[in-house]
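Now for the letters of each chain:
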Amino acid sequence: MPSDNDAPRVLRLTFEFHVPRGLHVNIRNQRRFSAVEALVAAVQGVAGQVFPWANRMTVRHEWSYAWWDKTEERELPATDMNTPKK
């Protein structure tokens, strides 16, 4: 059985930047690529200080038209294991 140090561990942080509906602006690729590169450089610059245990970071850059994107959160019934004790 692998030890805790052998288990793959990943910290994932997600940022989403939304263009407001009805905003008439053409988001050009070069502007977007420049913005992404600036954010990546900023995160990479501070990563060594705030995450000294990390040896690499993965950057995912996605641009899409979110015609349909639905996320739901639903309450589950209370149990002894998911309810704080009073």
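Now for a quick tour of the structure.

What counts, and at which threshold
- Residues numbered from 1 in each chain as written.
- Predicted model: local features only at pLDDT ≥ 70, side-chain atom pairs only at ≥ 80, totals over all residues.
- Heavy atoms only, no water.
- Salt bridge = Lys/Arg side-chain N within 4 Å of Asp/Glu carboxyl O.
- Buried < 20%, exposed > 50% of the residue type's maximum accessible area, 1.4 Å probe, protein only.
- Helix = DSSP H or I, 4+ residues; strand = E, 2+ residues; numbered from the N terminus.
- Expected span 1.5 Å × (residues − 1).

Counted by the stated rule, this structure contains three salt bridges. Salt-bridge contacts for glutamate 72 lead to lysine 70; the nearest nitrogen and oxygen are separated by 3.0 Å. A relative accessible area of 43% places glutamate 72 in the partly exposed class. Judged by its relative accessible area of 55%, lysine 70 falls in the exposed class. The shortest N-O distance in the salt bridge between arginine 74 and glutamate 72 comes to 2.5 Å. For arginine 74, a relative accessible area of 64% corresponds to the exposed category. Salt bridges sharing common partners tie together Lys70, Glu72 and Arg74.

What follows covers helix α1 (residues 29–50). In a regular helix each residue adds 1.5 Å, so 22 residues correspond to 32 Å; α1 covers 31 Å between its end C-alpha atoms and thus fits that length. All buried positions along α1 are accounted for by Arg32, Val40 and Ala47.

On to the environment of leucine 76, then. Along the chain, the position of leucine 76 falls in the segment after α1. Classification of leucine 76 as exposed rests on a relative accessible area of 69%. Each C-alpha atom, one on leucine 76 and one on phenylalanine 15, is 27 Å from the other, the two residues being 61 residues apart in sequence.

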